[in-house]
Amino acid sequence: MTTTLRPAEPEQTWRGGVRARRYHICVNGRPVGETTLCTDARFGPEAGRIAALRIEHGQQRRGRGTVAALAAEEVLRDWGCRRIEVTVRSGETAAFRLARTLGYTERNRNMLKALPDAPPVLPEGSELRPMTEAEFPVWLHRMAEDYVLSWTSRGVPEAQARAKSEVDFRSLLPEGLATPDTSLRLLRTGGEDVGDLWVGRRATDDGEPSGFVFKVHVEAAHRGRGHGRTLMLAAEGACVADGLQWLGLNVFAGNDPALRLYESLGYRTTQVHFAKPLL
């Protein structure tokens, strides 16, 4: 039997120059599912994405999805893409298995926690203070460089990573410290600043209002002393005070200490983002 992709509609152009097209997945010419392919606005036309892939119930477990995913890679190569990405929701076991079988590697994951009714108590001697206008530019430069490194170390070309960094920080902090629904705080312990926290708002995958931890940073000389946990508790407290019931975050693959911390605090994975070079 021959599995092919057949266009289901004309190619679309979305905001930001994103290319997208929906395809029928066909076996011997008969549709057995659909897939949608696109480029990724965040990284430019060289980054392709399988936005959706569905095989009809009666056609599953026959290798249709595997062949369709390989065919999708060929389409995206023809589009000039050099990398392919896919996002898998928690609980989609077959999709996880398919991604790993085809050589995708985890790049980052989203996690979420239901917040308690009352804010958690911070360790004695811990104090959160607002970031000052004088401190903000130095902090922003460090955050931007760290962000670029997070992407380039996972295969994203530096030019794409820097472009994404500029767009993201401009979007998330358009008014700097005065950006609405944004909190930038420094953790002070024993009379010394030991870390900082950036928390804001972002909807959950289901569209519910949620807090979001954009960055937790502990100075190198003060790591391993529980300050990361204190900063996370502070983030939860700030969100509870704002009446939010959820707090989400992103963690990059390979950051095992952070992942262990988040899991110990009750965060659960909601989505895993995979990527693979198109050779």
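Residues numbered from 1 in each chain as written. Predicted model: local features only at pLDDT ≥ 70, side-chain atom pairs only at ≥ 80, totals over all residues. Heavy atoms only, no water.

Enquirer: For this particular structure, what's the right way to read the layout of surface pockets?
Expert: Empty space among the atoms becomes visible once a probe the size of a water molecule is rolled across them. Each pocket or cavity is described by its volume, and for the second largest pocket that value is around 760 Å³. What lines the second largest pocket is a set of 29 residues, and nearest its centre among them are L53, G65, A94, A95 and L98. Each residue belonging to the lining of the second largest pocket can be placed in one class, and the counts come to 14 nonpolar, eight polar and seven charged. (1 Å grid on protein atoms, 1.4 Å probe; cavity = no way out; pocket = protein on both sides within 12 Å on 5 of 7 lines; lining within 4 Å. Points joined across faces, edges and corners; volume = space filled by probe spheres on them. Nonpolar A, V, L, I, M, F, W, Y, C, P; charged D, E, K, R; others polar.)

Enquirer: Honestly, unusual backbone geometry in this entry has me stumped. Any pointers?
Expert: Of all residues except glycine, most have a negative phi; of all peptide bonds, most are trans. Within the chain, N28 stands out as a residue other than glycine whose phi angle is a positive 50°. Considering the arrangement of structural elements, one finds N28 in the loop between β3 (18–27) and β4 (30–40). In this structure N28 comes out as exposed when scored by relative accessible area, which is 53%. For R61, which is not glycine, the phi dihedral falls at a positive 65°. With respect to the helices and strands, the residue R61 is situated in the loop between β5 (44–55) and α1 (64–78). (Helix = DSSP H or I, 4+ residues; strand = E, 2+ residues; numbered from the N terminus. Buried < 20%, exposed > 50% of the residue type's maximum accessible area, 1.4 Å probe, protein only.)

Enquirer: Where do I start with the packing of aromatic side chains in this structure?
Expert: For any two aromatic rings, the description comes down to two numbers: the centre-to-centre distance and the angle of the planes. Going through the model one piece at a time under the given rule, you end up with eleven aromatic pairs. Aromatic pair Y147 and F169: ring centres 5.6 Å apart, planes at 90°, arrangement edge-to-face. Within this pair, whereas Y147 is found in helix α3 (residues 136–152), its partner F169 is found in helix α4 (residues 158–172), the two being separated by 22 residues in sequence. Ring geometry for Y262 and Y267: centres 6.1 Å apart, planes at 65°, overall edge-to-face. Given a relative accessible area of 10%, Y262 falls into the buried group. Ring-pair connections join several aromatic residues into one group, and the members of that group are F43, F136, W139, Y147, W151, F169, W198, F212, F214 and F252. Lying across the ring of F43, R83 places its NZ or CZ 5.0 Å from the centre. (Phe/Tyr/Trp six-rings, centres within 6.5 Å; stacked < 30°, edge-to-face > 60°. Lys NZ or Arg CZ within 6 Å of the ring centre and 35° of its normal.)

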